[in-house]
Amino acid sequence: CPAGYQGYDIEPGLLGAIINDIVSEKNSLPLLQFALRELWERDCKKHKLTLDTYQKFQGVKGLLDRHAEDVYKTLITQQEKDWVKRIFLSLVRTDEKLRNTKQRQSQEKLLTLVGSKDERGLFKKVFNKLVDGRLVVVDQEWVELVHEDLMEKWERLKKRLQEDPE
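Residues numbered from 1 in each chain as written. Predicted model: local features only at pLDDT ≥ 70, side-chain atom pairs only at ≥ 80, totals over all residues. Heavy atoms only, no water.

## A few points about the overall build of the chain
Argument step 1. Helix and strand counts for the chain stand at ten helices and seven strands.
Argument step 2. In terms of overall dimensions, the chain has a C-alpha envelope of 55 × 35 × 30 Å along the principal axes.
Argument step 3. Counting across all 166 residues of the chain, residues that qualify as buried make up 37%.
Argument step 4. Intrachain contacts of the chain at a sequence separation of at least 6 include 64% that bridge at least 24 residues.
Argument step 5. Accessible area of the chain: about 10100 Å², with a carbon and sulfur share of 48%.
Argument step 6. Separation of charge centres in the chain, based on 30 positive and 29 negative side chains, amounts to 2 Å. (Helix = DSSP H or I, 4+ residues; strand = E, 2+ residues; numbered from the N terminus. Buried < 20%, exposed > 50% of the residue type's maximum accessible area, 1.4 Å probe, protein only. Contact = heavy atoms within 4.5 Å. Areas by Shrake-Rupley, 256 points an atom, 1.4 Å probe, with all protein chains shown as cover. Lys, Arg positive; Asp, Glu negative; His and termini not counted. Charge placed at Lys NZ, Arg CZ, Asp CG, Glu CD.)

Okay, here's the thing in structure tokens:
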């Protein structure tokens, strides 16, 4: 195990708990990677990845929600928070059965969310926080949510999607 080669232990039961949480998820490999990385960042000083930490954060769902909230809390102004809301709503498509799926947008289209050209520099800083925080991914000119589970597991986004299903 790569963690073992670095002198880290993985508590018995941890991997089983993670696998149980993600086994029914579509495209579960990115969720597994995310969960392990979050646990690594939270437990690395102990040199042991623990089931207790995983359960404390309520599994993958809780880790994803906490991570997204930590990134969101770095925003200072209401304008920044409004932009983030608009970015995320732009990256979600709701079909006629009110099911949410992620949708790609061009970076250029997202820039149209900015009221004036003078605000573009600040908007790009906010956008880069989302990229650096691993909430959205950029592939050349395209932007999309890092994973569809963000729509269900990040409580703030889930609530906003329920408020504004269009």
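## Section: the nonpolar core
Argument step 1. Judged by nonpolar contacts, the single largest core of 41 residues is most densely connected at Tyr54, Phe88, Phe123, Leu130, Val136, Leu145 and Leu150.
Argument step 2. Examining the composition of this core, we find that six residues originate from one element, helix α5 (residues 59-72), more than from any other. (Core = buried A, V, L, I, M, F, W, Y, C linked by side-chain atoms within 4.5 Å.)

## Focus: the side chain of Lys153
Argument step 1. By secondary structure assignment, the location of Lys153 is in helix α9 (residues 150-153).
Argument step 2. Classification of Lys153 by relative accessible area gives buried; the value is 13%.
Argument step 3. Non-local contacts of Lys153, meaning those with residues more than four positions away in its chain, are made with Glu25, Lys61, Leu64 and Asp65.

## Concerning the pairing of strand β6 (residues 136-139)
Argument step 1. Sheet analysis places β6 next to strand β7 (residues 142-145), joined by four bridges and oriented antiparallel. Bridged to Val138 within β7 is Val143. (Pairing = 2+ DSSP bridges.)

## Topic: the packing of aromatic side chains
Argument step 1. According to the stated counting rule, one finds three aromatic pairs in the structure shown.
Argument step 2. Aromatic pair Trp83 and Phe123: ring centres 5.4 Å apart, planes at 80°, arrangement edge-to-face. In this pair, Trp83 is assigned in helix α6 (residues 78-90) and Phe123 in helix α8 (residues 120-132), connecting sequence segments 40 residues apart.
Argument step 3. Residue classification places Trp83 among the buried residues on the basis of a relative accessible area of 1%.
Argument step 4. With a centroid separation of 5.3 Å and 75° between ring planes, the pair formed by Phe88 and Trp154 is classed as edge-to-face. Of the two residues, Phe88 sits in helix α6 while Trp154 sits in the loop between α9 and α10 (155-163), which places them 66 residues apart along the sequence. In terms of burial, Phe88 and Trp154 fall into one category: buried.
Argument step 5. In textbook terms, an aromatic cluster arises when at least three aromatic residues are bridged by ring pairs, as seen for Tyr72, Phe88 and Trp154. (Phe/Tyr/Trp six-rings, centres within 6.5 Å; stacked < 30°, edge-to-face > 60°.)

## Things to note about the environment of Ser106
Argument step 1. Within the secondary structure, Ser106 is located in strand β5 (residues 105-106).
Argument step 2. Through-space distance from the C-alpha of Ser106 to that of Asp139 is 9.5 Å; in sequence the pair is 33 residues apart.
Argument step 3. For Ser106, the residues in contact, after removing those within four places along its chain, are Glu141 and Trp142.

## Observations concerning the sheet that holds β5
Remark on secondary structure: sheet strands pair via backbone hydrogen bonds, oriented parallel or antiparallel.
Argument step 1. Strand order across the open sheet formed by three strands is β5-β7-β6, with antiparallel pairing between neighbours. The open sheet terminates on both sides in strands that have one partner only, identified here as β5 and β6.
Argument step 2. This element, α8, spans β6 and β7 of the sheet and lies at about 100° to β6. (Axes fitted to C-alpha atoms, helices over the stretch in contact; angles between N-to-C directions.)

## Re α5
Argument step 1. For α5, with 14 residues, the first-to-last C-alpha span of 20 Å sits near the 20 Å given by 1.5 Å per residue.
Argument step 2. Those residues of α5 that fall on the buried side of the exposure criterion are Gly59, Val60, Gly62, Leu63, Leu64, Asp65, His67, Ala68, Glu69, Val71 and Tyr72. (Expected span 1.5 Å × (residues − 1).)

On their own, these measurements won't tell you what the molecule is for.
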